[in-house]
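Overview (structure and organization)
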Amino acid sequence: MNYGFIGAGNMATAMIKGLIYAGIDSKNIYVSSPHSAAKLAANLHIQAADSETIAKKCDIVIIAFLPNQLRTLGNSLNLDGKIVISVLAQVTIADLDEVFPTAFNVRSLPNINSAIGKGSTALAFSKRLNEGQIEVVQNYWHLLGTTSVLDEQHFAIFSAIAGSGPAFVLKFIDALTQAGINNGLDGESAAAIAASTVAGTTETLQKSNSDAVTLMNNVASPGGSTRAGLDNFEQNDFDTIVNSAINATVNHKHT
Ligand SMILES: NC(=O)c1ccc[n+]([C@@H]2O[C@H](COP(=O)([O-])OP(=O)(O)OC[C@H]3O[C@@H](n4cnc5c(N)ncnc54)[C@H](OP(=O)(O)O)[C@@H]3O)[C@@H](O)[C@H]2O)c1
């Protein structure tokens, strides 16, 4: 299976690193872009190629240029019969089916964790794909993490939670770090303790058959110090703060 990327920026780089991390042979990965592709190919030992070569050699073509380039750039590409996976934000299946009328189009929304095989990706499929093609697409994304097949109307909330979410989790890790520093820890130790606590807790949750609230209450015995901290979160309306940040993200209008 050959994987071809058109666009060589941040998102393409994250996916390519994820494929290599998952053990895909770098000779099966192709990339095309006007400026960055050659350097990226040299750094990651993948193949730089023009888009015609990619269309010829690759089974899956991932488009990862900017959304406003869809029509100009898309109309110059011949992706007849290819599975085309778009990561272009806000570009719908209808847009893709219009620009690539003879391709099998997939809308996807990955996040930065794809680079280490821990991505979370939303997927929506054109009606043209058959079950076998959907499986090929799922197999691609499972190399990079987990997937959720969603109605396109839910891509905005997915984007806020999974796309922007890493920044929000990092904000929380930084707040834990600062609290550690305020209470006498050195910065490096505080940062390491906060990050490993969040990473370990996430893994504990994923490996349990439980939910976040049940596990949280298991950690916080009545009258104990953890419960005092959680009560303080409640008094300061932590859930409202998070909900409001997610709503601000969903409702943000790009200028
Ligand atoms: N960054 C994220 O976290 C993220 C998350 C989800 C979705 N996305 C989506 O992913 C897409 C790429 O985002 P990004 O952050 O990776 O942007 P980026 O770093 O600015 O990369 C854009 C890429 O498009 C390439 N490009 C421009 N003209 C081209 C052409 N004629 N042929 C082929 N490639 C061309 C550029 O090539 P040169 O570098 O050679 O000029 C560049 O590598 C966007 O549509 C965005 O909505 C991004």
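Residues numbered from 1 in each chain as written. Predicted model: local features only at pLDDT ≥ 70, side-chain atom pairs only at ≥ 80, totals over all residues. Heavy atoms only, no water.

**Here's the deal with the side chain of T177**
Its location among the elements puts T177 in helix α8 (residues 165–182). With sequence-adjacent residues up to four places away left out, T177 is seen in contact with G187, A190, A191 and A194. (Helix = DSSP H or I, 4+ residues; strand = E, 2+ residues; numbered from the N terminus. Contact = heavy atoms within 4.5 Å.)

**Side note on the site of the ligand**
Lining the immediate surroundings of the ligand are 22 residues, of which M11, S33, H35, S36 and F65 lie closest. Here a nitrogen atom of the ligand sits 3.0 Å away from a polar atom, N or O, in the side chain of Q69. When the ligand sits alone it has 900 Å² of accessible area, and the protein chains cover 73% of it. Across the shell around the ligand, the residue classes tally to 14 nonpolar, 8 polar and no charged. (Near = heavy atom within 4 Å. Polar contact = N/O pair within 3.5 Å; in protein donor to acceptor, adjacent residues only side chain to side chain. Areas by Shrake-Rupley, 256 points an atom, 1.4 Å probe, with all protein chains shown as cover. Nonpolar A, V, L, I, M, F, W, Y, C, P; charged D, E, K, R; others polar.)

**Observations regarding the packing of α8 against helix α9 (residues 187–207)**
At a minimum axis separation of 8 Å, α8 and α9 run at an interaxial angle of 135°. Classed by the angle they form, the pair α8 and α9 counts as oblique. Between α8 and α9 lies a crossing of right-handed hand. Taken together, the residues of α9 that come into contact with α8 (itself represented by V169, F172, I173, L176, T177, G180 and I181) are G187, A190, A191, A194, A195 and V198. For the contact of α8 with α9, the residue count by class is 10 nonpolar, 3 polar and no charged. (Axes fitted to C-alpha atoms, helices over the stretch in contact; angles between N-to-C directions. Parallel < 35°, antiparallel > 145°, perpendicular 65-115°, else oblique. Left-handed = near helix turned anticlockwise from the far one by under 90°.)

**Description of the UniProt feature "domain: Pyrroline-5-carboxylate reductase catalytic N-terminal" (unreviewed entry) in the chain**
Per the UniProt annotation, the sites labelled "domain: Pyrroline-5-carboxylate reductase catalytic N-terminal" (unreviewed entry) are residues 3–89. Taken end to end, residues 3–89 comprises 37% helix and 21% strand; its first and last C-alpha atoms sit 20 Å apart. (UniProt positions renumbered as here; feature names shortened; annotations may be inferred.)

**Details of a nonpolar patch on the surface**
A cluster of nonpolar side chains, F172, L176, F233, F238 and V242, forms an exposed patch at the surface whose accessible area comes to about 380 Å². Judged by relative accessible area, F233 falls into the partly exposed class, the value being 35%. (Patch = residues over 30% accessible without salt bridge, like charges linked within 9 Å, V, L, I, M, F, W, Y side chains within 5 Å. Salt bridge = Lys/Arg side-chain N within 4 Å of Asp/Glu carboxyl O. Buried < 20%, exposed > 50% of the residue type's maximum accessible area, 1.4 Å probe, protein only.)

**Points about the sheet that holds strand β5 (residues 83–86)**
Reading across the sheet, the 8 strands line up as β3-β2-β1-β4-β5-β6-β7-β8 and stay open at both edges, with mixed pairing between neighbours. Strand pairing shows two members of the sheet lacking a second neighbour, β3 (47–48) and β8 (145–149), which therefore form its edges. Two elements, strand β7 (residues 119–125) and β8, share 5 bridges in a ladder whose sense is parallel. Looking at β8, one finds that L123 is bridged to V149. Where helix α7 (residues 155–163) meets the sheet, it contacts β6 (104–109), β7 and β8, and its direction lies at approximately 170° from that of β7. (Pairing = 2+ DSSP bridges.)

**Considering a negative patch on the surface**
The grouping of D231, E234, D237 and D239 at the surface amounts to a negative patch. Topologically, D239 is positioned in helix α12 (residues 238–251). Owing to a relative accessible area of 57%, D239 belongs among the exposed residues under this scheme. (Lys, Arg positive; Asp, Glu negative; His and termini not counted. Charge placed at Lys NZ, Arg CZ, Asp CG, Glu CD.)

**Let's talk about the domain arrangement of the chain**
Splitting the chain by domain gives domain 1 (3–151) and domain 2 (165–251). A C-alpha centroid distance of 34 Å is found between domain 1 and domain 2. (Domains from an automatic or database assignment.)

**Some thoughts on the pairing of β5**
In summary, the side chains of a regular strand alternate between the two faces of the sheet. A two-sided burial pattern is seen for β5, the buried positions comprising I83 and I85 on one face and V84 and S86 on the other. Across 4 bridges, the pairing between β5 and β6 is parallel. From the neighbouring strand, V84 faces β6, where its bridge partner is N105. At this point the chain moves from β5, through helix α5 (residues 93–99), to the parallel β6, and the crossover so formed is right-handed. (Right-handed = clockwise from strand over helix to strand, strands pointing away.)

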